[in-house]
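# Structural description and commentary
Residues per chain, in single letters:
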Amino acid sequence: MSDFQNLLLSTSGNILNITINRESKLNALNQATMLELRQVIQSIYEDTDIRGVILTGAGEKAFVAGADISEFTDLNEMNARKFSEDGQEIFDLIENCHTPIIAVVNGFALGGGSELAMACHMRVATEDAKFGQPEVNLGIIPGYGGTQRLTQLIGKGRAFEFTMTAEMIDARTALAWGLVNHVAETKDKAIEIATSILSKIASKAPIAIELAVECINAVFKHDENGYQTEANAFAKCCGTEDFKEGAAAFLEKRAPEFKGH
Ligand code: COA
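Within each chain, residue numbers correspond to sequence positions counted from 1 in written order. Local features in a predicted model are, by the rule used here, given only for residues with pLDDT of at least 70; side-chain atom pairs are given and counted only at 80 or more, and totals for whole chains, interfaces and linings are based on all residues. Hydrogens are left out, water is left out, and the side-chain values use all remaining heavy atoms of the structure.

### As for the environment of Asp-68
Inspection of the secondary structure assignment puts Asp-68 in the loop between β4 (62-64) and α2 (77-95). For the pair Asp-68 and Leu-29, spaced 39 residues apart in sequence, the C-alpha to C-alpha distance is 5.1 Å. Distance and chemistry together define a polar contact, namely a pair of N or O atoms within 3.5 Å, with one atom able to donate a hydrogen and the other to accept it when in protein, and with adjacent residues in sequence counting only for side-chain atoms on both sides. A distance of 2.9 Å separates the side chain of Asp-68 from the side chain of Arg-22, its partner in a polar contact. At a separation of 2.5 Å, a polar atom in the side chain of Asp-68 contacts the side chain of Ser-70. The numbering of helices and of strands both runs from the N terminus, where a helix is a DSSP run of H or I of at least 4 residues and a strand a run of E of at least 2.

Pasting the structure below:
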């Protein structure tokens with residue numbers, strides 16, 4: 001993978017770790033970082049060796065404190081739609097990725113940072129994490145898919161309160177609201193939890209995992225009938241060698257050996 005200016009990449013086994021690395025700006029997402037994110041996520045689509053991704057922010061203070069406000073001065077009604085759509089497209093790539101992506105949310109996840117975490121398949125937060133959509137403080141609204149994903153994850157009433165008051169919530173509230181899957185005492189522990197989830201998923205049949213992502217996301221697509229997507233995906237799974245192996249292994253009381261076809 002190419003060298004990035006704003007992302008740190010490392011692998012541990014078949015897990016790729018992506019760290020947003022602009023600690024002095026609380027990992028705010030400038031356009032250069034967004035382009036790098038697009039590039040790295042696209043590369044995961046083509047890489048069958050990577051079986052899971054952990055996305056986090058450098059340092060202890062922030063996951064991502066939002067889109068980079070210093071780049072907002074040029075935004076106007078004409079170019080802001082593209083700004084929003086480009087960001088949405090990158091976050092859609094994350095959400096639709098066949099490889100599971102877990103956000104390890106350390107510290108602030110604000111604005112685009114909260115939206116980035118929500119685009120991931122799961123979220124593990126540290127005890128000191130703080131989530132917020134402070135856009136209304138700046139006279140805007142979330143533009144990277146936040147209004148939609150918030151409503152999906154925490155429900156309409158809470159999404160209204162969260163977005164319209166711009167109040168931050170702590171990790172425990174985020175857990176109670178369903179915004180995060182787990183809360184851990186430290187970042188290391190959060191990475192341990194995320195790694196353990198990804199390792200479990202890596203032992204399953206890859207095609208089944210890919211299709212589970214497609215079907216769960218289909219619930220929220222207006223132009224798609226999620227039940228039909230599920231039936232099609234179920235049929236596709238039943239045509240795979242891994243399905244035969246999974247069923248045979250169960251009946252023969254042994255662990256399955258999935259090959260990904
Ligand atoms: N965009 C650009 N720069 C940002 C940023 C953002 N979203 N969030 C933080 N930074 C920068 C600050 O400007 C500061 O840079 P400087 O040292 O060059 O002045 C640095 O990161 C540290 O932030 P600072 O505000 O000094 O830290 P703090 O501990 O006092 O406050 C926050 C932390 C997160 C509460 C505060 O930075 C903040 O409110 N950030 C903006 C959050 C936001 O509105 N995000 C949504 C954007 S749509």
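### Examining the nonpolar core
What makes a nonpolar core is a set of buried Ala, Val, Leu, Ile, Met, Phe, Trp, Tyr and Cys residues whose side-chain atoms join them at distances within 4.5 Å. Three exposure classes are used, based on accessible area relative to the maximum for each residue type with a 1.4 Å probe and protein chains only: buried under 20%, partly exposed in between, and exposed over 50%. Judged by nonpolar contacts, the single largest core of 48 residues is most densely connected at Ile-18, Phe-91, Val-105, Leu-116, Phe-131 and Leu-179. Of all hydrophobic cores here, the second largest spans 12 residues; its members include Ile-15, Val-124, Ala-184 and Ala-194.

### Some remarks on the domain arrangement of the protein chain
On domain assignment, one finds that the protein chain holds domain 1 (7-202) and domain 2 (206-251). The split into domains, and so the bounds of each, comes from an automatic or database assignment of domains. Here domain 1 and domain 2 have C-alpha centroids that lie 26 Å from each other. What gets called buried area is simply the loss in accessible area from a 1.4 Å probe that two parts show on being joined, summed for both. Around 660 Å² of area is buried between domain 1 and domain 2 when both sides are counted, 60% of it from carbon and sulfur atoms. It is Asn-96, His-98 and Gln-152 that lose the most area in domain 1 upon contact with domain 2, and together they represent 55% of the buried surface on that side. Salt bridges are identified by distance alone: a Lys or Arg side-chain nitrogen within 4 Å of an Asp or Glu carboxyl oxygen. In this structure, the connection of domain 1 to domain 2 is made through 0 salt bridges. For the side of domain 1 that touches domain 2, a count of residues per class yields 3 nonpolar, 4 polar and 2 charged. Polar here means any residue other than Ala, Val, Leu, Ile, Met, Phe, Trp, Tyr, Cys and Pro, which are nonpolar, and Asp, Glu, Lys and Arg, which are charged; Gly is therefore polar.

### Here's the deal with the side chain of Arg-123
Tracing the sequence through the fold places Arg-123 in strand β7 (residues 122-126). Glu-95 is the oppositely charged side chain nearest to the buried, salt-bridge-free Arg-123, at an N-O distance of 7.7 Å. At 2.9 Å, the side chain of Arg-123 and the backbone oxygen of Cys-120 are in polar contact. In this analysis, two residues are considered to be in contact whenever any of their non-hydrogen atoms come within 4.5 Å of each other. If near-sequence neighbours (up to four positions away) are discounted, Arg-123 is found in contact with Ile-102, Ala-103, Ala-117, Met-118, Leu-153, Leu-179, Val-180, Asn-181 and His-182. Only four residue types enter the charge count: Lys and Arg as positive, Asp and Glu as negative, with His and the chain ends excluded.

### Thoughts on the sheet that holds β7
The 6 strands lie next to each other as β1-β2-β3-β5-β7-β10, forming an open sheet whose pairing is mixed. Since the sheet does not close on itself, it has two edges, and those belong to β1 (7-12) and β10 (182-184), each with one partner. Averaged over all pairs of adjacent strands, the angle between their axes in this sheet comes to 20 degrees, without regard to strand direction. Only strands that DSSP links by at least two bridges are regarded as paired with each other. Relative to β10, β7 is paired through 3 bridges, and the arrangement is parallel. The residue of β10 that forms the bridge with Ala-125 is Val-183. Fitted lines through C-alpha atoms give the axes, limited to the stretch in contact for helices. The angle between two N-to-C directions lies from 0 to 180 degrees. Where helix α7 (residues 187-202) meets the sheet, its contacts fall on β2 (15-20), β3 (52-57), β5 (101-105), β7 and β10, and the angle it forms with β3 comes to roughly 160 degrees.

### A short note on the packing of α2 against helix α3 (residues 112-119)
Between α2 and α3, whose axes approach to 8 Å, the crossing angle comes to 30 degrees. As summarised for this structure, α2 and α3 are arranged roughly parallel, according to the angle between their axes. Between α2 and α3, the contacting residues are Phe-91, Ile-94 and Glu-95 on the first element and Gly-112, Glu-115, Leu-116 and Ala-119 on the second. Per-class residue counts for the contact of α2 with α3 are 4 nonpolar, 1 polar and 2 charged. Note that the term roughly parallel is reserved for angles under 35 degrees, roughly antiparallel for angles over 145, roughly perpendicular for angles of 65 to 115, and oblique for everything else.

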